[in-house]
Amino acid sequence: MRIRLVNTLKGGERLAEPVITEEKETLIPNGTILKSEYLDLLSFLGIDAVCIEDPFASEEKPHRIISKEKTDEYIKRVQKILENHIYQEKNSLEKLKPLSEEIVADLMQVDENLVIDVEERNGNLYEHTIMVTMLAVMVARKLKIEEESLREIALGCLLHDLGLRYITVPYINQDMESCPSSEIFEYKKHTIQAYSALEGEDWIGTNAKKMILSHHERRDGSGFPLKQKSRELECNILQACDAFDCAISGMECKRVGIQEALEYLMETADVLFERKIVKVIVKLVGRYPVGAKVRLTSGELGIVISQTENSIRPVIGVLDEEEKLTEIRYELNKNKKISILQVEN
């Protein structure tokens with residue numbers, strides 16, 4: 001399954017997920033073959049992206065941090081805990097502590113040098129929460145942070161967007177800075193609301209609380225809510241990982257592709273984010289995720305089949321003129337004569 005912009009589709013693609021209206025009604029069911037008139041309808045309705053089936057999925061070998069089944073289990077568990085939480089009900093969120101410990105224990109078994117595939121996807125608070133948590137723990141491991149601190153980082157990440165449950169303004173695939181000032185004010189309260197909800201709770205450490213309050217602060221003091229230049233490494237890790245995952249999922253911003261999200265981090269290193277953290281994310285996340293269609297310097301069109309130990313030089317399966325997969329494979333980390341020229345829509 002891949003998210004594709006509607007204006008890049010040619011027709012003939014099969015929907016992997018249904019197209020849902022704002023009223024939660026199914027406009028086009030999953031499995032539908034998209035015709036040109038459907039694409040016109042989607043554009044007319046302002047629907048800019050859809051999920052389509054990946055025709056090469058059987059040949060692809062994505063590198064996940066942990067299995068999809070385990071990730072889905074974590075998402076369901078964090079959703080149940082957060083949805084059952086009542087504002088300022090003491091200790092009702094403490095169930096997240098053993099979950100954070102379990103996530104860290106699982107991630108300690110993962111090869112820390114693994115280059116991972118991260119999917120562009122539609123924004124979902126609970127999926128975003130888990131993905132940020134796993135990414136932040138992997139980054140912290142690469143920075144040689146002790147396991148005890150990893151658990152506190154995981155806990156802070158699991159709670160970082162708790163405050164979004166207390167606001168009413170839309171924040172999925174929205175350019176928040178272009179919203180009316182009243183909505184911007186409401187949205188920016190979510191960090192303080194989450195922090196205040198945990199006031200007086202002694203099962204969560206001080207650093208984790210600082211992470212929650214400061215996850216939208218920036219290195220140059222341009223963030224919110226306090227415009228502080230956070231120096232704590234745990235806070236800085238969350239800030240960068242959250243910004244990256246928000247970008248590729250459309251959480252609290254307009255969704256962009258993985259390449260654009262990584263370029264944003266690199267361009268703002270030393271300004272908005274700590275450079276050493278950005279460098280770890282860039283080496284950890286595959287710049288060209290499995291399933292991406294790419295043009296090679298050889299002129300050939302190909303599909304990313306799997307990652308290698310080099311995040312910018314994956315394994316490519318070459319396509320023929322009819323865009324069917326051939327038996328030709330290029331392992332770019334070993335074949336230095338060929339590189340990826342650009343990503344094709």
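For the structure given in this document, a descriptive report is provided here. (Residues numbered from 1 in each chain as written. Predicted model: local features only at pLDDT ≥ 70, side-chain atom pairs only at ≥ 80, totals over all residues. Heavy atoms only, no water.)

1. Thoughts on the side chain of Gln307
Considering the arrangement of structural elements, one finds Gln307 in the loop between strand 6 (301–306) and strand 7 (315–319). The class for Gln307 is buried, based on a relative accessible area of 5%. Not counting chain neighbours up to four residues away, the residues in contact with Gln307 comprise His63, Val115, Asp117, Gly286, Tyr288, Pro289, Val290 and Pro314. (Helix = DSSP H or I, 4+ residues; strand = E, 2+ residues; numbered from the N terminus. Buried < 20%, exposed > 50% of the residue type's maximum accessible area, 1.4 Å probe, protein only. Contact = heavy atoms within 4.5 Å.)

2. What to know about the sheet that holds strand 9 (residues 340–343)
In a beta sheet, neighbouring strands are held together by backbone hydrogen bonds and run either parallel or antiparallel to one another. Ordered in space as 8-7-6-5-9, the 5 strands form an open sheet in which the pairing is antiparallel. This sheet does not close on itself; its edge strands, each paired only once, are strand 8 (325–331) and strand 9. Averaged over all pairs of adjacent strands, the angle between their axes in this sheet comes to 40 degrees, without regard to strand direction. Summarising the sheet, strand 5 (residues 293–296) and strand 6 pair through 3 bridges and their orientation is antiparallel. (Pairing = 2+ DSSP bridges. Axes fitted to C-alpha atoms, helices over the stretch in contact; angles between N-to-C directions.)

3. Thoughts on the environment of Met131
Counting through the fold element by element, Met131 comes out in helix 4 (residues 125–142). Counting along the chain gives 68 residues from Met131 to Glu199, while the straight-line C-alpha distance between them is 26 Å. Contacts of Met131, omitting those with residues within four sequence positions, involve Thr71, Arg121 and Asp245.

4. Looking at the pattern of salt bridges
Applying the stated rule across the entire model yields 24 salt bridges. Of the charged contacts in the structure, one is a salt bridge between Glu186 and Lys189, with a shortest N-O distance of 3.2 Å. Taking the relative accessible area as the measure of exposure, Glu186 reaches 18% and is therefore buried. Ionic contacts of the salt-bridge type, sharing partners, join the residues Lys70, Glu73, Arg77 and Glu102 into one network. (Salt bridge = Lys/Arg side-chain N within 4 Å of Asp/Glu carboxyl O.)

5. Structural notes on the pairing of strand 8
With 4 bridges connecting them, strand 7 and strand 8 associate as antiparallel partners. Looking at the pairing, Ile316 lines up with Tyr330 of strand 8. Where strand 7 hands over to strand 8, the hairpin turn is made up of 5 residues, of which Glu323 adopts a positive phi near 60 degrees.

6. A closer look at the layout of surface pockets
Of the voids in this model, the second largest pocket is the one considered here, and its volume is about 770 Å³. The wall of the second largest pocket is formed by 30 residues, among which Arg2, Ile3, Arg4, Glu344 and Asn345 lie closest to the centre. Contributing elements (two or more residues each) for the lining of the second largest pocket: strand 1 (2–5) and helix 10 (258–268). Here the element with the most residues in the lining of the second largest pocket is strand 1; it accounts for 4 residues. Partitioning the lining of the second largest pocket into residue classes produces 10 nonpolar, 7 polar and 13 charged. (1 Å grid on protein atoms, 1.4 Å probe; cavity = no way out; pocket = protein on both sides within 12 Å on 5 of 7 lines; lining within 4 Å. Points joined across faces, edges and corners; volume = space filled by probe spheres on them. Nonpolar A, V, L, I, M, F, W, Y, C, P; charged D, E, K, R; others polar.)

7. Details of the environment of Leu319
In this fold, Leu319 is placed in strand 7. Exposure remark for Leu319: the relative accessible area of 6% places this residue in the buried category. Taking the C-alpha atoms as reference points, Leu319 and Met266, 53 residues apart in sequence, are found 31 Å from one another. Here Leu319 is in contact with Phe56, Leu301, Gly302, Ile303, Lys324, Leu325 and Thr326, once residues within four sequence places are set aside.

8. Some points on the environment of Gly163
By secondary structure assignment, the location of Gly163 is in the loop between helix 5 (147–159) and helix 6 (181–188). By relative accessible area, which is 0% here, Gly163 ends up buried. Not counting chain neighbours up to four residues away, the residues in contact with Gly163 comprise His190, Gln193 and Ala194.

Distances and angles like these do not, on their own, reveal function.
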